[in-house]
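Structure assessment
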Amino acid sequence: MSSLKDFIGWQFVQKTKFDRNTIQKIRPPLLHGSFNQKYKVSKLCFLPRPSKIDVPFSEVVSKRASCRTYIPRKISVQDLSNILWMGYGIREKKGNFYFRNAPSAGALYPLDIYVAIFHVATLENGIYRYNAYQNALEMIKKGDFSRELINGCLGQSFVGSGAFTALISAVFRRNMRKYGERGVRYIFIDAGHVVQNMILTAESLSLGACPVGAFFDNELNEIIGLDGEEETIIYLLSIGVRG
Ligand SMILES: Cc1cc2nc3c(=O)[nH]c(=O)nc-3n(C[C@H](O)[C@H](O)[C@H](O)COP(=O)(O)O)c2cc1C
């Protein structure tokens, strides 16, 4: 029988703990360089400005439940824009810093959001990257990637049948440059904040949503064209019209 200590996840948490004696001595090893994605952007699609959503917050939180059955009805690009903006859009600029709608350790924003579009009015189906600075979607690949996505998510069919599925990636270097190993903890915590914002926004728009953590990592990376080392998919969220 294995012991807790045999698990690398457990070892990771133990080895990245802060304590009063060592916190001042912990200096992450210097990690130089930046990372730029290598895929080609074929088209930039500007999103409508986010709009006001007037729904009682307590109702939104208490009604939320994961939804895995959708009908193939298109959502508006306004709804998509609202969900992305609430999740990871830019709230304000202070000096040289851009602050977003979800908290992020050190305001480093180590995540990127890709969307596989299936049923969104006025948008061609394909894979896009959310560009928060321009409130736009960068088209990376045109076409229907529902089959590839379902296969990459262990056959979970709802990831290919909603209006869109968001794929959240971690760009390790952005965060580990400052926080070293402990930064990896923060990346996953950040992802939870972003996805919860998006889920609650979907609920406030009467849409269904389900987060997804079961997937073949590198199969999804290949769909987008990520290398899986500098940047890798860590979490997904499917959203659509409830069936
Ligand atoms: C990190 C994480 C990963 C998840 N992965 C999946 C998944 O791969 N497939 C799925 O159907 N649901 C997934 N879920 C949804 C949970 O099954 C769901 O939240 C849980 O059953 C509680 O139900 P509720 O969301 O309706 O309250 C995931 C949820 C989280 C937070």
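All figures in this text were calculated on a predicted structure; none of them were measured in a lab.

Take the pairing of strand β6 (residues 126–131) next. Here β6 lies mainly inside the structure; six of its six residues are buried. Both faces of β6 are covered, namely the face carrying Gly 126, Tyr 128 and Tyr 130 and the face carrying Ile 127, Arg 129 and Asn 131. Bridge analysis of strand β5 (residues 111–117) against β6 gives four bridges, and the strand direction is antiparallel. Looking across to β6, one finds that Ala 116 is bridged to Ile 127. Of the pairings in the sheet, the one linking β6 to strand β7 (residues 136–142) comprises six bridges and is antiparallel in character. Within the sheet, the bridge partner assigned to Gly 126 lies in β7 and is Lys 142.

What follows concerns helix α7 (residues 217–224). Along α7, the residues that are buried comprise Leu 220, Asn 221, Ile 223 and Ile 224. Summarising the axial view, the buried residues of α7 lie within an arc of 155 degrees, below the 170-degree limit, and thus occupy one face. Where α7 is buried, its residues meet β5, β6, β7, α4 (146–152), β8 (164–171) and β10 (231–242).

Our focus in this paragraph is the pattern of salt bridges. Counted by the stated rule, this structure contains ten salt bridges. We note a salt bridge from Glu 230 to Arg 173, for which the minimum N-O separation is 2.7 Å. Linking Glu 230 in the loop between α7 and β10 with Arg 173 in helix α5 (residues 172–179), this pair joins segments that are 57 residues apart in sequence.

Moving on to the packing of aromatic side chains. For the coordinates displayed, the defined rule picks out four aromatic pairs. Ring plane angle 85 degrees and centroid distance 6.1 Å describe the contact between Tyr 39 and Tyr 114, whose orientation is recorded as edge-to-face. Residue Tyr 39 is found in the loop between α1 (8–15) and β1 (43–46), and its partner Tyr 114 is found in strand β5; the two are separated by 75 residues along the sequence. In this pair, the class of Tyr 39 matches that of Tyr 114, namely buried. Look at Tyr 88 and Tyr 109: their rings are 6.0 Å apart centre to centre, the planes differ by 70 degrees, and that puts the pair in the edge-to-face class. With a gap of 21 residues between them, Tyr 88 in helix α3 (residues 77–88) and Tyr 109 in the loop between β4 (97–100) and β5 connect regions that are remote in the sequence. Exposure class is identical for Tyr 88 and Tyr 109. Each is buried. Across from the ring centre of Phe 99, 5.0 Å away, lies the NZ or CZ of Lys 94, which sits over that ring. The ring of Tyr 88 is capped by Arg 100, whose NZ or CZ atom sits 4.4 Å from the centre of that ring.

Basis of the calculations
- Residues numbered from 1 in each chain as written.
- Predicted model: local features only at pLDDT ≥ 70, side-chain atom pairs only at ≥ 80, totals over all residues.
- Heavy atoms only, no water.
- Buried < 20%, exposed > 50% of the residue type's maximum accessible area, 1.4 Å probe, protein only.
- Helix = DSSP H or I, 4+ residues; strand = E, 2+ residues; numbered from the N terminus.
- Pairing = 2+ DSSP bridges.
- Arc of directions from axis to C-beta.
- Contact = heavy atoms within 4.5 Å.
- Salt bridge = Lys/Arg side-chain N within 4 Å of Asp/Glu carboxyl O.
- Phe/Tyr/Trp six-rings, centres within 6.5 Å; stacked < 30°, edge-to-face > 60°.
- Lys NZ or Arg CZ within 6 Å of the ring centre and 35° of its normal.

Everything listed here is a matter of geometry and, on its own, says nothing about what the molecule does.
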